[in-house]
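# Fold and contact review
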Amino acid sequence: MEHLCRVTEDFYVQILKKDGNAKRAEFTTVHGKIQTPVFMNVATVAAIKGGVSTEDLEGIDTQVVLSNTYHLHLRPGDDVVYKMGGLHKFMSCNKPILTDSGGFQVFSLAKTRRIKEEGVYFHSHIDGHKLFMGPEESMRIQSHLGSTIAMAFDECPSAKAEHEYVQMSVDRTTRWLERCKKEMDRLNGLEYTVNKNQMLFGINQGAIFDDIRIEHAKRISELDLDGYAVGGLAVGESHEEMYHVLETTVPYLPENKPTYLMGVGTPANILEAVERGVDFFDCVYPSRNGRHGHLYTNKGHINLLNARYELDDSPIEEGCGCPACRRYSKAYIRHLLKSGEMLGLRLCVLHNLYFYNHMMIEIRDAIEKGEYSAYKKRKLDGFLEYDSIPVNDGYNIARNWRKG
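Residues numbered from 1 in each chain as written. Predicted model: local features only at pLDDT ≥ 70, side-chain atom pairs only at ≥ 80, totals over all residues. Heavy atoms only, no water.

## Observations regarding the packing of aromatic side chains
- By the definition in use, this model includes twelve aromatic pairs.
- On the basis of an interplanar angle of 70° and a centroid distance of 6.1 Å, the ring pair of F201 and F280 is categorised as edge-to-face. Here F201, found in strand β12 (residues 199-204), pairs with F280, found in strand β15 (residues 280-282); they are 79 residues apart in sequence, far enough to count as distant. F280 carries the same exposure label as F201, and that label is buried.
- Geometry around Y121 places R114 over its ring, the cationic atom sitting 5.0 Å from the centre. (Phe/Tyr/Trp six-rings, centres within 6.5 Å; stacked < 30°, edge-to-face > 60°. Helix = DSSP H or I, 4+ residues; strand = E, 2+ residues; numbered from the N terminus. Buried < 20%, exposed > 50% of the residue type's maximum accessible area, 1.4 Å probe, protein only. Lys NZ or Arg CZ within 6 Å of the ring centre and 35° of its normal.)

## Notes on the sheet that holds β12
- Taken in spatial order, the eight strands line up as β5-β6-β7-β11-β12-β13-β14-β15 and close into a barrel, and their pairing is parallel. Each strand axis lies, on average, 30° off the axis of its neighbour in the sheet, ignoring direction.
- In the sheet, strand β7 (residues 97-100) pairs with strand β11 (residues 149-151) via two bridges, with the strands oriented parallel. Counted as the bridge partner of T99 is A150 from β11.
- Here helix α7 (residues 163-188) sits on the sheet in contact with β11 and β12, set at roughly 180° to β12.
- Packing against the sheet, helix α14 (residues 342-368) makes contact with β5 (38-42) and β15, and its axis sits at approximately 165° to β5. (Pairing = 2+ DSSP bridges. Axes fitted to C-alpha atoms, helices over the stretch in contact; angles between N-to-C directions. Contact = heavy atoms within 4.5 Å.)

## Some remarks on the sheet that holds strand β8 (residues 114-115)
- As summarised here, the arrangement of the three strands in space is β8-β9-β10, forming an open sheet in which the pairing is antiparallel. The open sheet has two edge strands with one neighbour each: β8 and β10 (130-133).
- In this sheet, β10 lies alongside strand β9 (residues 120-123) in antiparallel orientation, the contact comprising four bridges. Among the inter-strand pairings, F122 is bridged to a residue of β10, identified as L131.

## Topic: empty space enclosed by the protein
- What the rule picks out here adds up to one cavity of 30 Å³ or more.
- Roughly 50 Å³ of internal volume is contained in the largest cavity.
- If you trace the largest cavity, you find it lined by V38, F39, D61, T62, Q63, N357, M360, I361 and R364.
- Looking at the lining of the largest cavity, the elements with two or more residues in it are β5 and α14.
- Broken down by element, the residue count for the lining of the largest cavity peaks at four residues, all from α14.
- Looking at the lining of the largest cavity residue by residue, the classes come out as four nonpolar, three polar and two charged. (1 Å grid on protein atoms, 1.4 Å probe; cavity = no way out; pocket = protein on both sides within 12 Å on 5 of 7 lines; lining within 4 Å. Points joined across faces, edges and corners; volume = space filled by probe spheres on them. Nonpolar A, V, L, I, M, F, W, Y, C, P; charged D, E, K, R; others polar.)

## A closer look at the nonpolar core
- Ranked by internal contacts, the top residues of the largest apolar core, which has 86 residues, are L261, I270, F281, I363 and Y372.
- If you tally residues by element for this core, the top one is α14, at 14 residues.
- Those residues in contact with L261 that lie beyond four places of it in its chain are V230, L233, L246, A273, V278, F280, F281 and D282.
- If you look at the next biggest cluster of nonpolar residues, it comprises 20 residues, including V38, I149, M262 and F280. (Core = buried A, V, L, I, M, F, W, Y, C linked by side-chain atoms within 4.5 Å.)

## Topic: the layout of surface pockets
- In this structure, the largest pocket occupies an estimated 890 Å³ of space.
- N68, D100, F104, D282 and V284 are, among the 38 residues lining the largest pocket, the residues nearest its centre.
- When contributions to the lining of the largest pocket are tallied by element, the ones reaching two or more residues are β6 (65-68), α2 (69-74), α5 (103-108) and α11 (285-291).
- Partitioned by chemical class, the residues of the lining of the largest pocket number 18 nonpolar, 14 polar and six charged.

## So, a nonpolar patch on the surface
- A contiguous nonpolar patch, built from V80, M84 and F90 and spanning about 250 Å² of accessible area, is present on the exposed surface.
- Structurally, M84 is set in the loop between α3 (78-83) and α4 (87-90). (Patch = residues over 30% accessible without salt bridge, like charges linked within 9 Å, V, L, I, M, F, W, Y side chains within 5 Å. Areas by Shrake-Rupley, 256 points an atom, 1.4 Å probe, with all protein chains shown as cover. Salt bridge = Lys/Arg side-chain N within 4 Å of Asp/Glu carboxyl O.)

## Looking at the pattern of salt bridges
- Inspection of every chain in the model, using the stated rule, returns 21 salt bridges.
- A salt bridge links E26 to K33; its shortest N-O distance comes to 3.6 Å.
- Residue class for E26 comes out buried when judged on its relative accessible area of 14%.
- In this structure, E117 engages R175 in a salt bridge whose closest nitrogen and oxygen atoms are separated by 2.9 Å. Of this pair, E117 sits in the loop between β8 and β9 while R175 is found in helix α7, placing the two residues 58 residues apart along the sequence.

This is the structure we're talking about:
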């Protein structure tokens, strides 16, 4: 199966194969091609925590980098990034970059914000100073950053919110999306815009309410955006509820546009979501867990801080091609973590990101062969051995590292 959809002059969508609802596609952007399904590596402040460089990302099959609009607006300031030529030049990245809108901070900073029709009033998490962000402000910041893909500004209501509140919130998010689109069109037409081909993805919201999700998907699809995300998941609902939302909602989003599941998730979450038609993923799990010695393998998770690995001279996973597994033993990396050495965090993060990125390659291959269901079952069946993670280990690593 091959289907070509022209979105803009510099953005092409080519669906190469479908296997059930799972789809294998290629997206051509102004900053290069993206093979999907794809996992975006999260570089919140234009860097991945754990001492991982842009050059490192190029060596572990990274296709897309995701950065955070809110955090970059505060530090170093989007005006600084703009003066440096945009985010690609600033962080020396030749891959596509997606910037979120700052909308998730409407959810995560709930104690320090006020939502109005015009936008959201925050208190900075850094120093408490007041700031405001609305649809136009978010688009201007992301235009300054010059990312490949900009996300629309939205509110992410809690999965446990009441139906009446969620409906009100989603209606406002739709109005904000229309303002985002209008402002993005204006910014892309300006002479000194960093990326005149910046794309806009809208975000479907609706908590766990089928009627709101479906109606919102229909409404935002009418705006003919460059892509669509399903937001507001992995924020308190069960995995079963998450999968139900995807099964209910994705069919009402354009199949010939990218579908992005925001902030999700575990390898199992990704495998299930691909089967339900999702193309793009991002999550901090691989880097955050890696910094705590919590590693992903094809046989399940391992906690490298466990005493059983003290004299283990094997790699994290036999046959893995990541920089850590090609050269170092579990015993050595465990020693680095226990000693608070930054190299230990770096090697663990590289392994986890490689695991995620390489799993996406396997997923794409399985879809192309028409074997996705069998592949998914084999992969899930392999995740059998789980080590427990002592609650304080991550904090101890961080404390030792700060002590130097």
